[in-house]
Each structure stands twice: as C-alpha cells, then as structure tokens.
Amino acid sequence: MADQIDLKEQPHRRYNPLTNEWIKVSPHRTKRPWNGQVEKAMLDKKPAFDPGCYLCPGNERAGGHTNPDYTETFVFENDFAALLKETPPGELKDGLFQAKSERGLCKVICFSPRHDLTISLMEIPQITDVVKTWQKEYEDLGKLEYINHIQIFENRGSVMGCSNPHPHGQIWAEELIPDIPAKEQMNQKDYMIEKGTSLLTDYVRSELEKKERIIFENDSFVALVPFWAVWPYETMILPKRQMRNICKMNDKETRDMADALKRMGTRFDNLFQTSFPYSMGIHQAPTDGEDHDEWHFHIHYYPPLLRSATVKKFMVGYEMLGMPQRDITAEGSAASLRDCSEEHYTLTLGA
Ligand code: ZN
C-alpha cells in the first residue's frame, strides 16, 4: 500500500481526532472558475453610541429593562433566553420517541460600552476584562448545582445571523453537556486512557514542531488552522500548557489570551478588509464535579467567508448529505492568515 499522498494536489480525507470524524479535501479544485454570488460588502463605519441599540449603555431593552451606564464589560440574563431556570425535570420514553427536559440559563456579555468597537479594535486591557468576565461567569455559574456545562461564545456579523452589531457574546449554561463538547470529551478521554497524555497538548507540540499550520504564537498561546479544518479559515487558539478550563490561567496567561484574541481578530479583519464575521467559542471541561484530566481548553473560530468579504462558503449538497469538504488546504489558509498584518486595516487607512 502506498504510504505517500500529496496533500497539496490529491483529493484526500483528513481525520479530526477531537470529534472522530473525517473531512474531504479537494486541493486540485482551487483552479476551477467561479461564477457565484457577490454580496454587498458590509459597511464598517458605526457610531460609538447608537440610541436605537438595545445593548448600548443607558438604553432600554425588551421587557422594560434599562441598561446601566456601564463603562467596562456588562453582563445580563438574556431577555429571550433559549433555556430557563424554572424548567421542571421530565422525560419522554415512548419507543422511538424520546425527549428530555433541559434546564439552564442564558446570559449576554457586552464586551465594551462602545457600539463601534470589536475585539480586534479594543485595547488589550479591555479585552483582558472580557476574559476575566468569562472566568468569573464560568466559576460562578459552575457552582450552581444544576449547571454542568457552560458554553461561552460570540456570533458576529449579519452574515452569521447576528442581529446586533454591538460587540457582545453569549453564555449558555445548562444541565446537560451538548453533543460537540461531549464528543470532544470522549475522544480526549479515550486518548488519555490509551496514551497516558493529553490529546491536545500532544497536538499543540506536534504543530509547533511542524510549523505548517501556525498563524502566530505568544508565550502562552498558539493560533493555528487545524489539520482537519472544515471552514476555509477555521482556526483554533490553544494554550501551550494543558489547562482544563479558563480559570486555571494565571494573570500573565489571562493577558496573553487577550493578546491572542486581538491578534487573531485583526488578522481576520485584514484578510478581506472587512469586519470579519465568525462564530467563536471556548470549549472547556464541564462543571459537573468530575476531575476531567483529559481536557485541554481551546477556542474555535468558524468563519463563513471563502474568498472575499462577499463570497461565503455554503455547507450544501454533498456536505449536507455526505460529509464536509473543502478546496483550499489548511496549510494554504494558514499561510494567508500568517501573511496578514497585525495592524488593523482601518487604522492604516486612517479611517
Ligand atoms: Zn473543541
């Protein structure tokens, strides 16, 4: 059996050890002509304060709530929460028809009082405040007896269905562990049982040796396009040392995480000179009282854009029915992001 495949030219499958799934890569197709949709470029210029924005300081939200005149990060319980604290326990088991009640709560975090700033345009101390807010929420929510998993995430850009441009993230805290982190947990656990080491700690070490998919690093973190990336510019930010959750970081690491978030955001914005849309989130150990030695916390970015500010990737056809597929390789995407400046394009344009 041949043991050489040309990852740059040949169609192939790549394995994702975190989810135990495969993705298809078709690098030879990057030369094919494109006659696809061109969307209107997103307008970047926004006011620092928008009287009509329900997330800006002092403004009214739904249900008669008014935001305080906050000056740093501001957290509140979502007025339209997908999960509710009061949900009573319940189960349906009727042959093939199964259901379970879900208990939890949802919060919104305004990253900054400024309507026009994104993480890429905020200063490191402000971003450090956001990271510290995430730590506090993880710790406080994790103490609640009925909260076993905390999903911190940001969904950014109208192309991602995000309804408000004010920089904000969300936290969904719940009783049950959702499917994707549950899968990652199972595979990290299996790896630890088999090898006696942590899957992602070993992965970070191997990527730092190979240097093919690294975008940048600082003392504590590395940003890379994972070998198994599905989205064209999918990336991960991982701590270099194994930590189960974000509360394990010391002050220096907390600051370094803010630095990594800013640099990643800036490179994304510079790639297509647009306020880059994405879904981003932190995967970390559940708060179910177990030790979870297998967990190595990390950040995923899933951006939809493919080749410009207006051309996005669609997960359709074969991908809905078969498996995910990409044309440009993870190595090619990493090289493009590595070539991007860490000075934000709007600042260099003097805008
Ligand atoms: Zn993950």
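Presented here is an overview of the structure given in this document. Quantities reported herein were computed from a predicted structural model and do not represent experimental measurements. Sequence order as written defines residue numbering, which begins from 1 separately in each chain. A pLDDT threshold of at least 70 governs which residues receive local features in this predicted model, and a stricter bar of 80 or more applies before side-chain atom pairs are shown or counted, although totals over entire chains, interfaces and linings include all residues. The basis for every side-chain value is the complete set of heavy atoms in the structure, and neither hydrogens nor water enter the calculation.

## Focus: the sheet that holds strand 3 (residues 74-77)
In sheet architecture, strand pairing relies on hydrogen bonds along the backbone and comes in two forms, parallel and antiparallel.
Link 1 in the chain: For two strands to be treated as a pair, DSSP must find no fewer than two bridges joining them. Every helix listed is a DSSP run of H or I at least four residues long, and every strand listed is a run of E at least two residues long, numbered separately from the N terminus. With antiparallel pairing, the nine strands of this open sheet are ordered in space as 3-6-8-7-12-13-11-10-9. The sheet is open, and its two borders are formed by strand 3 and strand 9 (214-217), each paired with just one other strand. On average, adjacent strands in this sheet sit at an angle of 20° to one another, irrespective of strand direction.
Link 2 in the chain: In the sheet, strand 11 (residues 235-239) pairs with strand 13 (residues 298-302) via three bridges, with the strands oriented antiparallel. Paired with Thr235 across the bridge in strand 13 is Tyr301.
Link 3 in the chain: Along the sheet, helix 3 (residues 199-210) contacts strand 9, strand 10 (221-224), strand 11 and strand 13; its crossing angle with strand 10, the most-contacted strand, is approximately 70°. Interaxial angle, 0 to 180 degrees, is taken between N-to-C directions of lines fitted to C-alpha atoms, where a helix line uses only the stretch in contact. By definition, residues are in contact when any of their heavy atoms lie within 4.5 Å.

## Points about a nonpolar patch on the surface
Link 1 in the chain: Surface patches are defined over residues having more than 30% relative accessible area and no salt bridge, joining like charges when they lie within 9 Å and nonpolar side chains (Val, Leu, Ile, Met, Phe, Trp, Tyr) when within 5 Å. In short, Shrake-Rupley with a 1.4 Å probe defines the accessible areas, and a residue's cover is counted only from the protein chains shown. What counts as a salt bridge is simple: a side-chain nitrogen of Lys or Arg found within 4 Å of a carboxyl oxygen of Asp or Glu. The grouping of Phe314, Val316, Met320 and Leu321 at the surface amounts to a nonpolar patch, some 480 Å² of accessible area in total.
Link 2 in the chain: Inspection of the secondary structure assignment puts Met320 in helix 5 (residues 318-321).

## Describing the side chain of His166
Link 1 in the chain: Here His166 lies in the loop between strand 7 (149-156) and strand 8 (168-174).
Link 2 in the chain: Non-local contacts of His166, meaning those with residues more than four positions away in its chain, are made with Cys53, Leu55, Cys56, Tyr70, Cys110, Ser112, Pro113, Arg114 and His115.

## Quick look at the coordination of the zinc ion
Link 1 in the chain: Water is not among the atoms examined, so metal sites may look incomplete; donors are the N, O and S atoms within 2.8 Å of the metal, or within 3.2 Å for Na, K and Ca. Distances from the zinc ion to its protein donors, Glu184 (OE), Glu184 (OE), His283 (ND1), His298 (NE2) and His300 (NE2), fall within 2.0 to 2.2 Å.
Link 2 in the chain: Sequence positions of the residues that donate to the zinc ion give the spacing E-x98-H-x14-H-x1-H. Note that His283 is positioned in strand 12 (residues 278-283) and His298 in strand 13, a separation of 15 residues in sequence. With respect to burial, His283 and His298 carry one shared label: buried. Relative accessibility thresholds used throughout: buried, under 20% of the residue-type maximum; exposed, over 50%; partly exposed, between the two (1.4 Å probe, protein chains only).

## Section: the packing of aromatic side chains
Link 1 in the chain: For Phe, Tyr and Trp, rings pair up if their centres lie within 6.5 Å, where Trp contributes its six-membered ring, and each pair is then called stacked (planes under 30 degrees apart), edge-to-face (over 60) or tilted (otherwise). By the definition in use, this model includes 13 aromatic pairs.
Link 2 in the chain: Between the aromatic rings of Tyr15 and Trp22, the centroid separation amounts to 5.1 Å while the plane-to-plane angle is 50°, which identifies the pairing as tilted.
Link 3 in the chain: The class for Tyr15 is partly exposed, based on a relative accessible area of 31%.
Link 4 in the chain: Judged by centre distance (5.1 Å) and plane angle (80°), the rings of Tyr278 and Tyr301 are edge-to-face. Taken together, the residues span a long stretch of sequence, with Tyr278 in strand 12 and Tyr301 in strand 13 at a distance of 23 residues.
Link 5 in the chain: The class of Tyr301 is buried, set by a relative accessible area of 1%.

## With respect to the packing of helix 4 (residues 251-271) against helix 6 (residues 330-339)
Link 1 in the chain: Here helix 4 crosses helix 6 at 100°, and the two axes come no closer than 9 Å. Between helix 4 and helix 6, the angle is such that the two are roughly perpendicular. Listed contacts from helix 6 to Met264, Arg267, Phe268 and Leu271 of helix 4 are Ser336, Leu337, Arg338 and Asp339.
Link 2 in the chain: Think of it as three bins: nonpolar holds Ala, Val, Leu, Ile, Met, Phe, Trp, Tyr, Cys and Pro, charged holds Asp, Glu, Lys and Arg, and polar takes everything else, Gly as well. Within the contact of helix 4 with helix 6, the residues separate by chemical class into four nonpolar, one polar and three charged. The scheme is simple: roughly parallel for angles under 35 degrees, roughly antiparallel for over 145, roughly perpendicular for 65 to 115, oblique for anything else.

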